[in-house]
Amino acid sequence: QAYYYVIIIVYIISVLIGLIFMFFIKRLAGCCIWVILIFLVLSMAVGGFILFNKAQSQEKEIDGQSRSSTTKYVSYGLWAGAIIAALMIFCLFRQIQLLVAVLESAAIFVNQEGVSLLAPVLLFFIKVIFTAAWIVSFIYLFSTGTPKLKKKGYPIGGITWDNHHREMVYYHLFGYYWISCFLVSFFEFVMASAVSIWYFLQDRSKSIFGISVFRGLFYHFGSIAFGSLILAVIKFIKAIFDYIHTQLEVLRENGQMQILTKITGCCMDFFERFVKFINNHAYIHIALTGDSFCTSAYNGFCLIMRNGLRFGLSAGILPWFCFLSKVGITTISTCLLYTSDAADDLLCVDLGGRRIIKKKK
């Protein structure tokens, strides 16, 4: 318990650094994007140069001829990638500027609507409460079977189910997947609706999140439920497939069957991510136009196909930007706590100005 306040301090510091970061992004988004792109090109070029020098030093004379190692070909590939990336940056200058404008708008939205920062925290607590309630109900459902005597070597007995109880367990498990997907989908719709209302609404005095929740509950509840149902069906099929794979001994002993199951699992993961991608854009289209789920999914997919370059560019750059931002905020928060006097003297050891937390005896 003595370490809880340290975790709270780190969390508060991270939130404050994140807010400061969003304040600067609103004004320096273009600079940050271009720095990331230039850093990517330079890292590839420098990496190719380092590998080329390493290959030159390791190159040996074989049969009187100088044969290049694999490292040298890798360096050539890095140089070619750097050249291609530089040409793409030059050719896609306007698309990158559009991406900068999107990032600036996102930063302005977060600065003006700070309540949006609480949405992930609220979703987390709601899912925790729902999961706890589901576990309790599953325990009651599990105990409704017929008890059987324990075997030798086992400390407790078991429960046998008939077909009716087994169907109830399957129904209960599917309900967990469906409601979990629905909670995530509902929050995605609320965020998409809030951003669309914020962007097009002139009167900023209204509660855009209250309006978005009202729209989701009374106008688009069925569309959100249908989209989450599709995703829940895929997750349920994956769970059944994983259960069969763990129960069948022949799949663990046969190498060819293992390869086949791995390929099938990868295909199912790909299909699940594809459905998530379509659902996300369908919810955005629903928030903008108010159409049904199927119509919005089709129109959203067609929009992506017509603007594949812009979507691909945003999907390639923004994850790197988010990753570097998370790493930077985490590193700064850790260093600030590591070098500060926030930790208790009884729980720390001072090493040249640095404080290392240790367990309390």
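In this text, all values refer to a predicted model and were calculated from it rather than measured experimentally.

**Some details on the overall build of the protein chain**
The helix and strand tally for the protein chain stands at eleven helices and six strands. In the protein chain, buried positions account for 29% of the 361 residues. In the protein chain, the share of contacts with a sequence separation of at least 24, taken over all contacts with a separation of at least 6, comes to 67%. Entry remark: accessible area of the protein chain is about 24100 Å², with carbon and sulfur atoms responsible for 71%.

**Quick word on the pattern of salt bridges**
Side chains that differ in charge, positive against negative, can pair when their charged atoms come close. Counted by the stated rule, this structure contains four salt bridges. In this structure, the salt-bridge partner of Lys-235 is Glu-272, at a minimum N-O distance of 2.7 Å. Of the two residues, Lys-235 sits in helix α7 (residues 221-247) while Glu-272 sits in helix α9 (residues 255-289), which places them 37 residues apart along the sequence. Across the pair Lys-238 and Glu-272 runs a salt bridge, and its minimum N-O distance is 2.8 Å. Linking Lys-238 in helix α7 with Glu-272 in helix α9, this pair joins segments that are 34 residues apart in sequence. When salt bridges that share partners are traced, they join Lys-235, Lys-238, Asp-269, Glu-272 and Lys-276 into one network.

**Let's talk about the packing of helix α3 (residues 93-112) against helix α5 (residues 163-200)**
Two measures define how a pair of helices packs: the angle their axes make with one another and the distance between the axes. Relative orientation of the contacting elements α3 and α5 amounts to 95 degrees, with a least axis distance of 11 Å. When the axes of α3 and α5 are compared, the pair comes out roughly perpendicular. Contacts from Ser-105, Ile-108, Phe-109 and Gln-112 in α3 reach Met-191, Ala-194, Val-195 and Trp-198 in α5. A class-by-class count of the residues in the contact of α3 with α5 yields six nonpolar, two polar and no charged.

**Considerations on the packing of α5 against helix α6 (residues 208-218)**
α6 packs onto α5 with a crossing angle of 130 degrees between their chain directions and a minimal axis gap of 8 Å. By the angle between their directions, the pair α5 and α6 is classed as oblique. Regarding α5 and α6, the two cross each other, and that crossing is right-handed. Note on element contacts: α6 touches α5 through Ile-208, Phe-209, Ile-211, Ser-212, Val-213, Arg-215, Gly-216 and Leu-217, opposite Phe-186, Phe-189, Val-190, Met-191, Ser-193, Ala-194, Ser-196, Ile-197 and Trp-198. Here the residues of the contact of α5 with α6 sort into twelve nonpolar, four polar and one charged.

**Focus: a nonpolar patch on the surface**
A cluster of nonpolar side chains, namely Ile-8, Tyr-11, Ile-12, Val-15, Leu-16, Leu-19, Leu-117, Val-121, Phe-124, Phe-125 and Val-128, defines an oily patch on the protein surface of about 1000 Å² accessible area. Of all the elements in the fold, those that place two or more residues in the nonpolar patch are α1 (4-58) and α4 (119-142). Looking at which element gives the most residues to the nonpolar patch, the answer is α1, with six residues. With respect to the helices, strands and loops of the structure, Leu-19 is situated in helix α1. Judged by its relative accessible area of 36%, Leu-19 falls in the partly exposed class.

**A few points about the nonpolar core**
Core analysis: the biggest nonpolar cluster contains 41 residues, and Ile-33, Phe-109 and Ile-208 have the highest contact counts within it. If sequence neighbours within four positions are ignored, Ile-208 has contacts with Phe-109, Glu-113, Ala-194, Ile-197 and Trp-198. Cys-181, Ile-234, Phe-236 and Val-275 belong to the second largest nonpolar core, which has seven residues in total.

**What to know about the packing of aromatic side chains**
As enumerated under the stated definition, the model contains 23 aromatic pairs in all. Ring centres of Phe-52 and Tyr-76 lie 6.2 Å apart, and the angle between their planes is 40 degrees; this geometry places the pair in the tilted category. Of this pair, Phe-52 sits in helix α1 while Tyr-76 sits in helix α2 (residues 70-91), and the two are 24 residues apart along the sequence. Here Tyr-76 falls in the partly exposed class, since its relative accessible area comes to 38%. Seen in terms of ring centroids, Phe-274 and Phe-301 are 6.4 Å apart; in terms of plane orientation they differ by 80 degrees. Their pairing is edge-to-face. Highlighted residues: Phe-274 in helix α9 and Phe-301 in helix α10 (residues 293-306), separated in sequence by 27 residues. Take Phe-301: its relative accessible area is 33%, and that puts it in the partly exposed class. Aromatic ring contacts, followed pair by pair, group Phe-130, Trp-134, Phe-138, Phe-142, Tyr-176 and Tyr-177 into a single cluster.

What counts as what
Residues numbered from 1 in each chain as written. Predicted model: local features only at pLDDT ≥ 70, side-chain atom pairs only at ≥ 80, totals over all residues. Heavy atoms only, no water. Helix = DSSP H or I, 4+ residues; strand = E, 2+ residues; numbered from the N terminus. Buried < 20%, exposed > 50% of the residue type's maximum accessible area, 1.4 Å probe, protein only. Contact = heavy atoms within 4.5 Å. Areas by Shrake-Rupley, 256 points an atom, 1.4 Å probe, with all protein chains shown as cover. Salt bridge = Lys/Arg side-chain N within 4 Å of Asp/Glu carboxyl O. Axes fitted to C-alpha atoms, helices over the stretch in contact; angles between N-to-C directions. Parallel < 35°, antiparallel > 145°, perpendicular 65-115°, else oblique. Nonpolar A, V, L, I, M, F, W, Y, C, P; charged D, E, K, R; others polar. Left-handed = near helix turned anticlockwise from the far one by under 90°. Patch = residues over 30% accessible without salt bridge, like charges linked within 9 Å, V, L, I, M, F, W, Y side chains within 5 Å. Core = buried A, V, L, I, M, F, W, Y, C linked by side-chain atoms within 4.5 Å. Phe/Tyr/Trp six-rings, centres within 6.5 Å; stacked < 30°, edge-to-face > 60°.

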